[in-house]
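# Analysis of the macromolecular model
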Amino acid sequence: MLSSSTLGYLWENVFLFSYIAVIAVGLVFYNAHLAYDLHRLEALGKADTTTTKRPSPSPALKASDHVNDGKYHLLLAATGSVATIKIPNILSALAKYENLSIRLLLSNSAAEFLRGQADEQPTLEQIAKIKNLDAIYRNADEWQKPWVRGDSILHIELRRWADMMVIAPLSANSLAKLALGMSHDLVSSVARAWDTTGLIDGLREGVRLASAGRDSARKVIMVAPAMNTAMWNHPVTKRHLDLLSNDWGADSRGWFEVLQPIDKGLACGDTGGGAMKEWKEIVAAIETGFPDLREREGAKKT
Ligand SMILES: Cc1cc2nc3c(=O)[nH]c(=O)nc-3n(C[C@H](O)[C@H](O)[C@H](O)COP(=O)(O)O)c2cc1C
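Per an unreviewed UniProt entry, the protein chain is named Flavoprotein domain-containing protein, and its organism is Extremus antarcticus.

Here we take up the overall build of the protein chain. Along the backbone of the protein chain there are eleven helices and eight strands. Burial status across the protein chain gives 35% buried among its 302 residues. Within the protein chain, counting contacts between residues at least 6 apart in sequence, those at least 24 apart form 77% of the total.

Around the ligand sit 16 residues in total, of which Gly80, Ser81, Ser107, Ser171 and Ala172 are the nearest. No other element matches the three residues that helix α7 (residues 172-180) contributes to the shell around the ligand. Per-class residue counts for the shell around the ligand are six nonpolar, nine polar and one charged.

On to the pairing of strand β4 (residues 164-170). For β4, the tally of buried residues reaches seven of seven residues, placing the bulk of the element in the interior. Residues Met164, Val166, Ala168 and Leu170 of β4 are buried on one face, and the alternating residues Met165, Ile167 and Pro169, pointing to the opposite face, are buried as well. The sheet contact formed by strand β1 (residues 72-78) and β4 spans four bridges and is parallel. Each residue of the ladder has a partner; that of alanine 77, found in β4, is isoleucine 167.

Here we come to the nonpolar core. Proteins that are soluble and globular tend to have nonpolar side chains buried together. Judged by nonpolar contacts, the single largest core of 68 residues is most densely connected at Met165, Ile221 and Val223. Among residues more than four places away in sequence, those in contact with valine 223 are Ile167, Leu170, Leu244, Phe256, Val258 and Leu259.

Within the secondary structure layout, serine 64 lies in the loop between α2 (14-51) and β1. Between the C-alpha atoms of serine 64 and arginine 160, which are 96 residues apart in sequence, the distance is 8.2 Å.

Moving on, we get to unusual backbone geometry. For the bond running from alanine 168 to proline 169, omega is 5°, close enough to zero to count as cis. By the element assignment, proline 169 lies in strand β4. Although it is not a glycine, arginine 253 sits at a positive phi angle of roughly 60°. Residue classification places arginine 253 among the exposed residues on the basis of 12 C-beta atoms within 10 Å.

We now examine the sheet that holds strand β5 (residues 220-225). Strand order in the open sheet formed by six strands is β3-β2-β1-β4-β5-β6, with parallel pairing between adjacent strands. Each edge of the open sheet carries a strand with a single partner, namely β3 (133-137) and β6 (256-258). For this sheet, the mean angle separating the axes of adjacent strands, direction not counted, is 20°.

A few words now on helix α6 (residues 154-161). Burial within α6 is extensive, with seven of its eight residues counted as buried. Every buried residue of α6 is accounted for by Leu154, His155, Glu157, Leu158, Arg159, Arg160 and Trp161. Here the buried face of α6 lies against β1, β2 (100-106) and α8 (186-192).

Moving on, we come to the environment of glutamate 295. Mapping glutamate 295 onto the fold places it in the segment after α11 (279-289). With 12 C-beta atoms counted inside 10 Å, the residue glutamate 295 sits in the exposed group. Sequence separation of glutamate 295 and asparagine 99 is 196 residues, and the distance between their C-alpha atoms is 8.0 Å.

Glancing now at helix α10 (residues 235-247). Between its first and last C-alpha atoms α10 spans 17 Å; for 13 residues at 1.5 Å apiece the expected length is 18 Å, and the two agree. Considered for burial, the residues of α10 that qualify are Thr237, Leu241 and Leu244. The inward-facing, buried residues of α10 abut α7, β5, α9 (229-233) and β6.

With that settled, the discussion passes to the packing of helix α3 (residues 87-94) against α11. At a closest axis distance of 9 Å, the pairing of α3 and α11 adopts a crossing angle of 40°. As the angle between them shows, α3 and α11 are arranged oblique. Where α3 crosses over α11, the handedness of that crossing is right-handed. Residue-level contacts link Asn89, Ile90, Ala93 and Leu94 of α3 to Trp279, Ile282, Val283 and Ile286 of α11. Across the contact of α3 with α11, the residue classes tally to seven nonpolar, one polar and no charged.

Rules used throughout
- Residues numbered from 1 in each chain as written.
- Predicted model: local features only at pLDDT ≥ 70, side-chain atom pairs only at ≥ 80, totals over all residues.
- Helix = DSSP H or I, 4+ residues; strand = E, 2+ residues; numbered from the N terminus.
- Buried ≥ 20, exposed ≤ 12 C-beta atoms within 10 Å, placed from the backbone.
- Contact = placed C-beta atoms within 7 Å.
- Near = placed C-beta within 6 Å.
- Nonpolar A, V, L, I, M, F, W, Y, C, P; charged D, E, K, R; others polar.
- Pairing = 2+ DSSP bridges.
- Core = buried A, V, L, I, M, F, W, Y, C linked by C-beta atoms within 7 Å.
- Axes fitted to C-alpha atoms, helices over the stretch in contact; angles between N-to-C directions.
- Expected span 1.5 Å × (residues − 1).
- Parallel < 35°, antiparallel > 145°, perpendicular 65-115°, else oblique.
- Left-handed = near helix turned anticlockwise from the far one by under 90°.

Structure representation (structure tokens):
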């Protein structure tokens, strides 16, 4: 039993005790909420890098495992232009070929355009179902497993694997990176590690490339710049493109082929130069580059 003096003490401080009790209950709720938020954030973070369903990026890609697969190897890359929404069209048009293997690289900005936000912008999971697309890679895939001696290095294996790289669209930022030799993400690392001499990789035996007529063993990177008209008109764009098309152009013993942009009304509302070449022409350029592509029996004409 509590003595009358204790009861008196409690009664006198009833407001203080109530106040402490309210604070304590509040803290419990606040912590529970915080824990829930952290859990959700963790789940979201994981979804971004590891649990998203898409074709296995196979961090252990070994180009040598695919040398004799009897297929052309197309490394298709997209960087952060709105024209990335044409990637599904390009892939679908190439799905009819039985002897074509495609690996798709997306810069972080490019991936933002393919999140299922519109019919013409499906998710990567949907895109992954297109025939001939064997893997989709994001920057994080380069570092999926902590590297140790003996492991393959993704951007080098992708370079070795590719018979041709096509960057469509090529953003102003990625154009600048190519011109300056910068390589801080997967797309630019592959391009920076390209065999510009033709002496390292050579061409795969039995694989006939249109570029081989110009130069026996140098593989080509086709780029399709796409940007706002003001970006296109900026003098630095011409400097960067001159490097790619003249100094390093495939026609003058280099390795770049520039698919020049066109004039039209752009998605941002401006009208003028800088729009990506029509996607069908990009497909046609790929088909020209791989002269022995074979259509699957019964493939629909596009
Ligand atoms: C909605 C939106 C559309 C964009 N469109 C283009 C574009 O068409 N061309 C371009 O060069 N940059 C465009 N940008 C800016 C690039 O996404 C930005 O420069 C980015 O850093 C490019 O990074 P990346 O080259 O690594 O993909 C756009 C940005 C946004 C938010």
